[in-house]
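Summary of structural features
Chain by chain, the residues run as shown.
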Amino acid sequence: MDFTFTEEQQAAVEAAKAVFGPVAPDGVPSPALTPGAVADDFDRALWSKLTDADLLSLLLAPEHGGAGLDAIALCLVLRESAKALARVPLLEHTATAVAVQTYGSDELKEQILPRAGRGELVLTAASAGRTGHDPAQLAVSARRDTDTWILDGTQTGVPWAHNADHIAVPAHTPQGRTVIAVLPHPHEGLSLAEQISTTGERLGELHLDSVRLDPHQIIETDEAWDRLHQLLTTGTCALALGLGERVLQMTGDYTSKREQFGYPVATFQAVAVQAADRYIDLRAMEATLWQAAWRISTQADGALPTAGDIAVAKIWASEGVRRVVQTAQHLHGGFGADTDYPLHRYHAWAKQLELSLGPAAAHEETLGDLLAAHPLG
């Protein structure tokens, strides 16, 4: 079996390194130093560079101006973005565009995809539900009224909502089906309240009060939300992996230079063992990530549905990234908490990624349910 990445996927990595490599984590706004939100907008200059590198259209088909690549390529790029703490809605934007491309009406595709691929439209998705714990599709109701759809409800913690041009919102119908409303922003009946994430970024609490949409703005395919949610979750695992790898590298560099009793602390057995344990965490995070991304990309059969591999990946991502940053703080000593050093920023981002789209415990419950429904014989 050949586990190497394709030439196209490797080219995407090189393009991502060229874009994200010059980004200095020291220049990323710190939630510890900024009261309220760290900024009113995402990094538009970096967004423009992503556009120039054709990384915003990576998963779009050639007829929409894209490269036609898969979830694996997206995760490779996201991995690089997290190393630089890139403040851009790359995951949400790309995942929403893929949902529109795969399940949207021809009118919706024509309206959104070309401009989204060029970065002229910014897309995001609501996935946290009303409380952050309940299924997102249950937080908003959608009903058909002759030639329009009417939506009511609240979604919390919507990333980049204040700066997005369209927001993908899952909703449930009276018949118990799940649809996705692709909401223009601003729109009559749509309001946003500001929330602040652990990273200091602005999130939006989305309120819908009898919002009316045309039928072409509603994606009615039954599996559309599950597929969008799976891509968002797997992309979050890629971000956690990239962040963890950068943090462990920082820790290795620091402990190799920091001396006690005339020797680098990296040579002490207690330090080396802890770093080795975190390296094992990262390799497990990587293996489970690529399994999940491969299942999404190929829709290949497995012992469990694709959701099982995604749950395993998110369990490792949530627990692994938390352990990596905690060990890094410990091995850096007081220097790790110094706001003149970037590690505290990575710690804040890691906590956000750990809990985004469900902590490990939530995915352990999902995995248990899947194992009960699909016994491994």
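Section: the pairing of strand β6 (residues 190-196)
- Of the strand pairs in this sheet, β6 and strand β7 (residues 202-213) are connected by 7 bridges, and their pairing is antiparallel. In the strand pairing of β7, E194 is matched with G204.
- Counting the residues between successive antiparallel strands, the hairpin from β6 to β7 contains 5 residues, one of them, G200, with a positive phi of roughly 90 degrees.

Quick look at the side chain of S356
- Looking at the element boundaries, S356 is found in the loop between α9 (343-355) and α10 (360-373).
- The class for S356 is buried, based on a relative accessible area of 18%.
- Setting aside its immediate chain neighbours within four residues, S356 contacts T236 and K314.

What about the packing of helix α4 (residues 90-103) against helix α6 (residues 224-257)?
- Between α4 and α6, whose axes approach to 10 Å, the crossing angle comes to 155 degrees. Our classification of the angle between α4 and α6 gives roughly antiparallel. Seen from above, α4 lies across α6 with right-handed handedness. Contacts between α4 and α6 involve L91, E92, A95, T96, V98, A99 and Y103 from the former and A224, R227, L228, L231, L232, G235, T236 and L239 from the latter.

Description of the packing of aromatic side chains
- Counted according to the given criterion, the structure contains 3 aromatic pairs.
- Plain terms: the ring middles of F5 and W290 are 5.2 Å apart, the flat faces sit at 70 degrees to each other, and that makes the pair edge-to-face. With F5 in the segment before α1 (7-20) and W290 in helix α7 (residues 269-298), the pair connects residues that are 285 residues apart, well separated along the chain.
- Under the relative-accessibility criterion, W290 is labelled buried at 15%.
- In this arrangement the basic side chain of R283 is found over the ring face of Y279, its NZ or CZ atom lying 4.9 Å from the centre.

Looking at α6
- For α6, which comprises 34 residues, the first-to-last C-alpha distance of 50 Å matches the rise-based estimate of 50 Å (1.5 Å per residue) to within 8%.
- The element α6 is largely enclosed, with a buried count of 25 among its 34 residues.

Points about the pairing of strand β3 (residues 148-159)
- Taking burial as the measure, the 12 residues of β3 include 9 buried ones, the bulk of the element.
- Pairing of strand β2 (residues 140-145) with β3, which is carried by 6 bridges, proceeds in the antiparallel orientation. When the sheet's bridge partners are listed, V140 is paired in β3 with G153.
- From the end of β2 to the start of β3, which pair antiparallel, there are 2 residues, and T146 there has a positive phi angle of about 50 degrees.
- With 8 bridges joining them, β3 and β7 adopt antiparallel strand pairing. Across the sheet, the residue bridging to L151 is V211, located in β7.

Here's the deal with unusual backbone geometry
- With an omega of 5 degrees, the peptide bond between H185 and P186 qualifies as cis.
- Residue placement: P186 occurs in the loop between β5 (178-184) and β6.
- Of note, the phi angle at F261 is positive, near 55 degrees, even though the residue is not glycine.
- On the secondary structure map, F261 appears in the loop between β9 (259-260) and β10 (263-264).
- Classification of F261 as exposed rests on a relative accessible area of 75%.

Re the nonpolar core
- Core analysis: the biggest nonpolar cluster contains 106 residues, and F20, L151, L183, L208, L228 and L243 have the highest contact counts within it.
- Here this core gets 15 residues from one element, more than from any other, and that element is α6.
- With near-sequence residues (within four places) excluded, F20 lies in contact with L46, L50, V77, E80, S81, A84, A86 and L90.
- Among the nonpolar cores identified, the runner-up in size contains 5 residues, and L304, A311, I315 and L367 belong to it.

Quick look at a negative patch on the surface
- A contiguous patch of negative charge on the surface is contributed by D106, E107, E110, D147 and D214.
- Assignment of secondary structure puts D147 in the loop between β2 and β3.
- Judged by its relative accessible area of 59%, D147 falls in the exposed class.

What to know about the environment of T255
- Here T255 shows up in helix α6.
- Given a relative accessible area of 4%, T255 falls into the buried group.
- A C-alpha to C-alpha distance of 45 Å links T255 and W225, two positions 30 residues apart in sequence.
- Contacts of T255, omitting those with residues within four sequence positions, involve P264, V265, A266, V271 and L331.
- Polar side-chain contacts of T255 include one of 2.9 Å to the backbone oxygen of T251.

A word on the side chain of T124
- As for its position among the elements, T124 is in strand β1 (residues 123-125).
- Once residues within four sequence positions are removed from consideration, T124 is found in contact with E92, T96, V158, P159, W160, A161, A164, H166, I167 and A168.

Definitions and limits used
Residues numbered from 1 in each chain as written. Predicted model: local features only at pLDDT ≥ 70, side-chain atom pairs only at ≥ 80, totals over all residues. Heavy atoms only, no water. Pairing = 2+ DSSP bridges. Helix = DSSP H or I, 4+ residues; strand = E, 2+ residues; numbered from the N terminus. Buried < 20%, exposed > 50% of the residue type's maximum accessible area, 1.4 Å probe, protein only. Contact = heavy atoms within 4.5 Å. Axes fitted to C-alpha atoms, helices over the stretch in contact; angles between N-to-C directions. Parallel < 35°, antiparallel > 145°, perpendicular 65-115°, else oblique. Left-handed = near helix turned anticlockwise from the far one by under 90°. Phe/Tyr/Trp six-rings, centres within 6.5 Å; stacked < 30°, edge-to-face > 60°. Lys NZ or Arg CZ within 6 Å of the ring centre and 35° of its normal. Expected span 1.5 Å × (residues − 1). Core = buried A, V, L, I, M, F, W, Y, C linked by side-chain atoms within 4.5 Å. Patch = residues over 30% accessible without salt bridge, like charges linked within 9 Å, V, L, I, M, F, W, Y side chains within 5 Å. Areas by Shrake-Rupley, 256 points an atom, 1.4 Å probe, with all protein chains shown as cover. Salt bridge = Lys/Arg side-chain N within 4 Å of Asp/Glu carboxyl O. Lys, Arg positive; Asp, Glu negative; His and termini not counted. Charge placed at Lys NZ, Arg CZ, Asp CG, Glu CD. Polar contact = N/O pair within 3.5 Å; in protein donor to acceptor, adjacent residues only side chain to side chain.

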